[in-house]
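# Report on the structure
The lines below spell out each chain.
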Amino acid sequence: MSSATAGAPIKCKAMVARGPKQPMVEEEITVMPPQAGEVRVKVIANALCHTDIYTLDGHDPEGLFPCILGHEAGCVVESVGEGVTSVKPGDHVIPCYTPQCCETTCVFCQSPKTNLCPKIRGTQGQGVMPDGTVRFKDKDGKDIFHFMGCSTMSEYTVIAEISCAKINPDAALEKVCLFGCGISTGLGAVWNTCKVETNSTVAVFGLGAVGLSVIQGAKIAGAIKIIAVDVNPKKFEIAKQLGATDCVNPKDIDKPIQQHIAGVMTQWGVDYSFDCTGKTEIMRAALECCHRGWGTSCIIGVAASGHEISTRPFQLVTGRVWKGTAFGGFKSRSQVPVLVERNLRGDLDIDHYITHRFKGVGETNAAVDALHSGDCLRAVVEY
Ligand code: NAD
Ligand code: ZN
């Protein structure tokens, strides 16, 4: 089976990030056909994530320009390259920046302990496809780099087959695109990375979409006390709706927040804590508010480049555990479709994360402004 456009270059609109610290530019680009092991997809909807903005704002020292950002999307397969068997034209897919090659020789894919398949890591980081070339050309025929193996701020993009999570076509792509990054990350941090048990106590620092999905996941896991921490008290209402039992603004407390949580709000600290801010001093607070003897703290936030974490080693000697997660530990191709099924069944609602909607890829800069506004959880742009 093939589509009318298969095998030929496609001209379409895309947002091109020409350089750091400048607005993206809507341009007509050419998307070349997928090569062996690759899939060309029509992007139906893309949600903005802070990692896109982090690169756009020039904070990522490895950020390459010009590039096409975007990595939280819902797509339909347009055509496939040679040897691709797991998806076909018309399939609905979520591009995943963490691929899953599933090869028997991949010790990462074969291990239940991790989702970090390194198969295309090198080229993905260099902004190119696995064969070392790009599929995007600007109007002058010059190369445009890929981003996180996804580049979904374009009406069409090319991704590796091993980055394609094939999902139930009944799911609305303009909603379930959220499972491409932030929401899956928060849920997975709770369920996979920390394996939070029933009756646990939890503290969540930072109540953006990621922190709120940690709260949602912790509630589902049966946590009895969920402390939500943010310097923006406007986030507390939604946090409570999702399951937070206590909300605290560190600015209202006259001692370090970790002492308040581990001494006033609980007796010995919480069983699990999560940093969803990306700030290294908050990562420290999150570790230090953990329960003596067993408390586990998980770093989810992406810190500014060059920043380092610190604490007194005694914190770990006395039983606290410091860990981190990428994409919530979910193996992308096998587990993202399961999240979508749960959403379709009605037991994993995500509608509340979509606070802003836009129409047309050209509205992506408006969505970036919305994301910066402070009351935005996720802005979804439908193409
Ligand atoms: P967001 O900006 O929407 O939310 C961050 C929240 O932290 C905001 O509500 C903000 O008010 C709050 N905050 C800021 N400073 C604070 C402080 N000192 N104390 C308490 N709260 C504070 O971001 P998001 O989309 O929810 O993402 C959160 C982080 O997760 C980002 O760093 C993002 O890059 C990262 N992330 C990581 C992964 C991963 O795989 N590890 C995946 C997606 C996102
Ligand atoms: Zn992301």
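Residues numbered from 1 in each chain as written. Chains lettered and ligands numbered in written order. Predicted model: local features only at pLDDT ≥ 70, side-chain atom pairs only at ≥ 80, totals over all residues. Heavy atoms only, no water.

## Here we look at the overall build of the chain
Counting its regular elements, the chain contains twelve helices and 17 strands. Scaling as 2.2 N^0.38, a compact globule of 383 residues should have a C-alpha radius of gyration of about 21 Å, and the chain matches this with 21 Å. Along the three orthogonal principal directions, the C-alpha set of the chain runs to about 65 × 45 × 40 Å. Among the 383 residues that make up the chain, the fraction classed as buried is 57%. Considering only residue pairs separated by 6 or more positions, the chain has 70% of its internal contacts joining residues 24 or more positions apart. Carbon and sulfur atoms form 53% of the exposed surface of the chain, whose accessible area is close to 15900 Å². (Helix = DSSP H or I, 4+ residues; strand = E, 2+ residues; numbered from the N terminus. Rg over C-alpha atoms; globule rule 2.2 N^0.38 Å. Buried < 20%, exposed > 50% of the residue type's maximum accessible area, 1.4 Å probe, protein only. Contact = heavy atoms within 4.5 Å. Areas by Shrake-Rupley, 256 points an atom, 1.4 Å probe, with all protein chains shown as cover.)

## Overview of the coordination of the zinc ion (ligand 2)
The zinc ion (ligand 2) binds to the protein through C49 (SG), H71 (NE2) and C181 (SG); the donor distances cover 2.0 to 2.3 Å. Written as a sequence motif, the donor residues of the zinc ion (ligand 2) are C-x21-H-x109-C. Highlighted residues: H71 in the loop between α1 (50-56) and β4 (73-80) and C181 in the loop between α4 (173-176) and α5 (182-193), separated in sequence by 110 residues. Like H71, the residue C181 is buried in the burial classification. (Donors = N, O, S within 2.8 Å, 3.2 Å for Na, K, Ca; no water.)

## Some words on unusual backbone geometry
With an omega of -5°, the peptide bond between F65 and P66 qualifies as cis. Along the polypeptide, P66 turns up in the loop between α1 and β4. We note that K21 has phi near 60°; this positive angle belongs to a residue other than glycine. Note that K21 resides in the loop between β1 (10-16) and β2 (25-31).

## Some thoughts on the UniProt feature "domain: Alcohol dehydrogenase-like N-terminal" (unreviewed entry) in the chain
When the UniProt feature table is mapped onto this chain numbering, "domain: Alcohol dehydrogenase-like N-terminal" (unreviewed entry) sits at residues 36-166. Taken end to end, residues 36-166 has its terminal C-alpha atoms 18 Å apart, with 12% of it in helix and 26% in strand. (UniProt positions renumbered as here; feature names shortened; annotations may be inferred.)

## Examining the sheet that holds strand β10 (residues 201-205)
Strand order in this open sheet of six strands is β12-β11-β10-β13-β14-β15, and the pairing throughout is parallel. The open sheet has two free edges, formed respectively by β12 (246-248) and β15 (321-324), since each of these has just one partner strand. Looking at each pair of strands side by side, their axes are set apart by 20° on average, direction ignored. (Pairing = 2+ DSSP bridges. Axes fitted to C-alpha atoms, helices over the stretch in contact; angles between N-to-C directions.)

## Let's talk about the site of ligand 1
Lining the immediate surroundings of ligand 1 are 26 residues, of which H50, D230, I300, T325 and F327 lie closest. A distance of 2.9 Å is found between an oxygen atom of ligand 1 and a side-chain nitrogen or oxygen belonging to H50. One of the backbone N or O atoms of G208 is found 3.5 Å from an oxygen atom in ligand 1. Taken by itself ligand 1 offers 880 Å² of open surface, and the protein chains cover 86% of this. Among the secondary structure elements, those contributing two or more residues to the shell around ligand 1 are α1 and α6 (209-221). Looking at the shell around ligand 1 residue by residue, the class counts come to twelve nonpolar, ten polar and four charged. (Near = heavy atom within 4 Å. Polar contact = N/O pair within 3.5 Å; in protein donor to acceptor, adjacent residues only side chain to side chain. Nonpolar A, V, L, I, M, F, W, Y, C, P; charged D, E, K, R; others polar.)

## A short note on the side chain of S297
As for its placement among the helices and strands, S297 is situated in strand β14 (residues 296-299). One polar contact links the side chain of S297 to the main-chain amide nitrogen of L287, over a distance of 3.5 Å. Excluding residues that lie within four positions of it along the chain, S297 makes contacts with S273, A286, L287, C290, V321, W322 and K323.

## A look at a nonpolar patch on the surface
Taken together, the side chains of V107, F108 and L116 define a hydrophobic patch exposed on the protein surface, amounting to about 280 Å² of accessible area. Accessibility expressed as a relative area gives 61% for V107, which makes it exposed. (Patch = residues over 30% accessible without salt bridge, like charges linked within 9 Å, V, L, I, M, F, W, Y side chains within 5 Å. Salt bridge = Lys/Arg side-chain N within 4 Å of Asp/Glu carboxyl O.)

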